[in-house]
Amino acid sequence: MAASKPDDAPSGLPLTTQSTNQSAPLSTLGSIANITILILGAGSFALPWAFCHSGIVFAFIGVLLLGLFSLCTVLMLVESKRMIEESGTYSEIDEEHNDGLDYSQIAEIALGRRMEYIVKALTLCSCIGACAGYLRFILGVFTDIFGASQHLIILFLSPLLIVLSMIRTWSSLSSFATVGNILFFLAVILVLYDALHTALTTPHAPHAPFIAANGPGDSPLLIIGPATFLFTVHYCVLSVARESDPVSFKKVVLPVSFGCAAVLNALFGAVCSLAYGLAVKDNVLRNVQGGWLGNGVSMFLAAALLITYLLYIKPAREYLEKLVLYAEPTPMTIRGEILSRLLTAFIVLLTVLISAGVQNFAVLTGTVGCITDAIQAYALPPLIYASLLVKRDRRESGVVKPLTIAKILGSVLLSAIGLGFTAAALRRLMILIFKL
């Protein structure tokens, strides 16, 4: 039986969403920390390789534009959520098992029931692919710098990841995210120090092209995959928003997080590709000299990525829990808690298997970025937004207003451009994979 509502509760709005927005347990700084660390992940250290194959000028501009593009589509999702809540169509979602609108539910209301399952499938692939990419990165770093066995690293990390992945709320994760951001910036500083030192000591080394080279697979479009992998946090944003103040989240958290991350990623990719030149690796840490510098970078970044892993696995776990534990009451029974932990362990072990099987980190991030991430970041949000605009106008006045038509055309154009570039980038990436 669904929970009863008080008299002042708006029709169609579940109590869970109202209480979440009113209490706002996650501070503005905590929200910024969570979103920023989601963007500043291991993919940042694949950017120099992408810059080298895309051309520094195109890649620099591309990262900034894709950051802006992703911010726009995230804001479309946030605005879509607001329109649904104000319209009362939230009652289409079963309230007893709902803790606030997620991406898949917004897609269901806007585009139909089938789209819910498509979004959930894409989110699972993106989250698992991202987490596998982070593990692949850590395995590569530890194997190259410390000479540790990959199997030994997996044996050590798996139980730790399973336990930490059971942290349930973003407010609990925000302190971890703050520490992760600090560790990430320390790692970036050390890598830039090594890059500049390398550039000064080997001034005649072959440099990365400012315009894309003519080799097989080289193309300005290659930056799209890794950059999309970085900026696609759409399936996490709405989850973070449920615990944040809605006004500050839209006007402060998202612009600050995306803006800072885009600038930092663009500068980092450009400087490293210039400094290391054509010798840059798919994981730029492999270019860092050993000793205290290499060990310091590895420890800082491994800890930061461990925290990022925890944030990215959360949406996948939530979707699987809703699927498997749908009939469980709230709070869950002991049986439900056990099943929840088993699901978490299953997801973690799946990411471990993928990371052990895919050896090239840049190819993994580029593939995920060009397929599942691109659809969620570029194609669906504009279509969802356009559909809800039409429904709102028809509900309010019976006709679609001219301004709404203009917004719809702009949204569809954005979606088409994003998918077109992504398809071309995927083709180039496949060429490069076969070359490797």
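Residues numbered from 1 in each chain as written. Predicted model: local features only at pLDDT ≥ 70, side-chain atom pairs only at ≥ 80, totals over all residues. Heavy atoms only, no water.

A separate point is the overall build of the chain. For the chain, the helix and strand inventory stands at 15 helices and zero strands. Across the 436 residues that make up the chain, the buried fraction comes to 56%. In the chain, 86% of the contacts between residues at least 6 apart in sequence involve partners at least 24 apart. For the chain, the computed accessible surface area is about 18100 Å², with 71% contributed by carbon and sulfur atoms. (Helix = DSSP H or I, 4+ residues; strand = E, 2+ residues; numbered from the N terminus. Buried < 20%, exposed > 50% of the residue type's maximum accessible area, 1.4 Å probe, protein only. Contact = heavy atoms within 4.5 Å. Areas by Shrake-Rupley, 256 points an atom, 1.4 Å probe, with all protein chains shown as cover.)

As a further point, take the packing of aromatic side chains. Per the counting criterion, the structure on display carries seven aromatic pairs. Each residue in the set Phe 45, Phe 184, Phe 185 and Phe 268 is aromatic and connected to the rest through ring pairs, giving one cluster. (Phe/Tyr/Trp six-rings, centres within 6.5 Å; stacked < 30°, edge-to-face > 60°.)

This part is about the pattern of salt bridges. Inspection of every chain in the model, using the stated rule, returns eleven salt bridges. A salt bridge links Glu 79 to Lys 250; its shortest N-O distance comes to 2.9 Å. Remark: Lys 250 occurs in helix α11 (residues 246-276) and Glu 79 occurs in helix α4 (residues 56-87); sequence separation between them is 171 residues. Taking relative accessible area as the criterion, Glu 79 reaches 14% and is therefore assigned buried. Note that Arg 242 is salt-bridged to Glu 318, the shortest N-O span being 3.8 Å. Of this pair, Arg 242 sits in the loop between α10 (234-241) and α11 while Glu 318 sits in helix α12 (residues 291-324), placing them 76 residues apart in sequence. Judged by relative accessible area, which is 8%, Arg 242 ranks as buried. The buried category is assigned to Glu 318, whose relative accessible area is 16%. Because the salt bridges share partners, they merge into one network encompassing Glu 79, Arg 82, Glu 86 and Lys 250. (Salt bridge = Lys/Arg side-chain N within 4 Å of Asp/Glu carboxyl O.)

What follows deals with a nonpolar patch on the surface. Residues Val 57, Phe 58, Ile 61, Leu 65, Phe 210, Ile 211 and Leu 274 make up a contiguous nonpolar surface patch of roughly 640 Å² in combined accessible area. Among the elements that make up the nonpolar patch, the one with the highest residue count is α4 (four residues). Here Ile 211 lies in the loop between α8 (170-201) and α9 (224-231). (Patch = residues over 30% accessible without salt bridge, like charges linked within 9 Å, V, L, I, M, F, W, Y side chains within 5 Å.)

Per-residue pLDDT for the chain averages 77, and the proportion of residues at 70 or more is 78%. Mean pLDDT values for the elements of the chain range from 39 in helix α1 (residues 15-23) up to 91 in α11. Every residue in residues 1-24 is under pLDDT 50, and counting partners more than four places away or in other chains gives 43 contacts. (pLDDT = per-residue confidence, 0-100.)

Taken N-terminus to C-terminus, the directions of α4 and helix α5 (residues 103-111) make an angle of 65°; their axes are 10 Å apart at the nearest point. The chirality of how α4 crosses α5 is left-handed. Between α4 and α5, the contacting residues are Leu 77, Ser 80, Lys 81 and Ile 84 on the first element and Tyr 103, Ile 106 and Ile 109 on the second. Of the residues that constitute the contact of α4 with α5, the class distribution is five nonpolar, one polar and one charged. (Axes fitted to C-alpha atoms, helices over the stretch in contact; angles between N-to-C directions. Left-handed = near helix turned anticlockwise from the far one by under 90°. Nonpolar A, V, L, I, M, F, W, Y, C, P; charged D, E, K, R; others polar.)

Turning our attention to the state of the cysteines. Counted under the stated rule, the structure contains zero disulfides. In this structure Cys 131 is not part of a disulfide, and its nearest cysteine sulfur, from Cys 127, lies 6.5 Å away. A relative accessible area of 0% means that Cys 131 is categorised as buried. Sulfur of Cys 236: no disulfide; nearest cysteine sulfur belongs to Cys 127 and is 5.4 Å away. (Disulfide = S-S within 2.5 Å.)

The next thing to look at is the environment of Ser 175. Mapped onto the fold, Ser 175 is located in helix α8. On the basis of relative accessible area, Ser 175 is assigned to the partly exposed category, the value being 45%.

Turning our eyes to something else, we now look at the side chain of Gln 376. Relative to the elements of secondary structure, Gln 376 occurs in helix α14 (residues 361-396). Only 2.9 Å separates the side chain of Gln 376 from the side chain of Thr 123, close enough to count as a polar contact. Polar contacts involving the side chain of Gln 376 include one to the side chain of Ser 126, which spans 2.9 Å. With near-sequence residues (within four places) excluded, Gln 376 lies in contact with Tyr 103, Val 119, Leu 122, Thr 123, Ser 126, His 234, Tyr 235 and Pro 381. (Polar contact = N/O pair within 3.5 Å; in protein donor to acceptor, adjacent residues only side chain to side chain.)

Moving on, we get to the packing of helix α7 (residues 150-164) against α12. Following both chains from N to C, one finds α7 and α12 inclined at 50°, their axes separated by 10 Å at the closest point. Here α12 runs oblique to α7, going by the angle between their axes. Along this stretch, α7 crosses α12, giving a crossing that reads as right-handed. Where α7 abuts α12, its residues Leu 160, Leu 161 and Leu 164 lie against Leu 306, Tyr 309 and Leu 310. (Parallel < 35°, antiparallel > 145°, perpendicular 65-115°, else oblique.)

The buried fraction of α5 amounts to eight of the nine residues, a majority that puts the element mostly inside the structure. Every buried residue of α5 is listed here: Tyr 103, Ser 104, Gln 105, Ile 106, Ala 107, Glu 108, Ile 109 and Ala 110. One or two steps after α5, the chain reaches Gly 112, where phi turns positive at roughly 110°.

Moving on to α8. Taking 1.5 Å as the rise per residue, α8 with 32 residues should run 46 Å; its terminal C-alpha atoms sit 45 Å apart, in good agreement. Where α8 bends most, the angle comes to about 25°, and this point is Phe 176. (Expected span 1.5 Å × (residues − 1). Bend = angle between axes of the 7 residues up to and from the residue.)

Take Val 280: it is sitting in the loop between α11 and α12. Overall, the relative accessible area of 8% leaves Val 280 in the buried class. C-alpha of Val 280 to C-alpha of Phe 51: the two residues are 229 residues apart in sequence and 9.7 Å apart in space. Setting aside residues up to four positions removed in sequence, Val 280 forms contacts with Pro 48, Trp 49, Cys 52 and Asn 287.

Right, let's talk about the environment of Leu 64 for a bit. Here Leu 64 lies in helix α4. By relative accessible area, which is 32% here, Leu 64 ends up partly exposed. Taking C-alpha positions, Leu 64 is 9.4 Å from Ala 261, a pair spaced 197 residues apart along the chain. Those residues within four positions of Leu 64 in sequence are excluded, and the remaining contacts are Ala 262, Val 263 and Ala 266.

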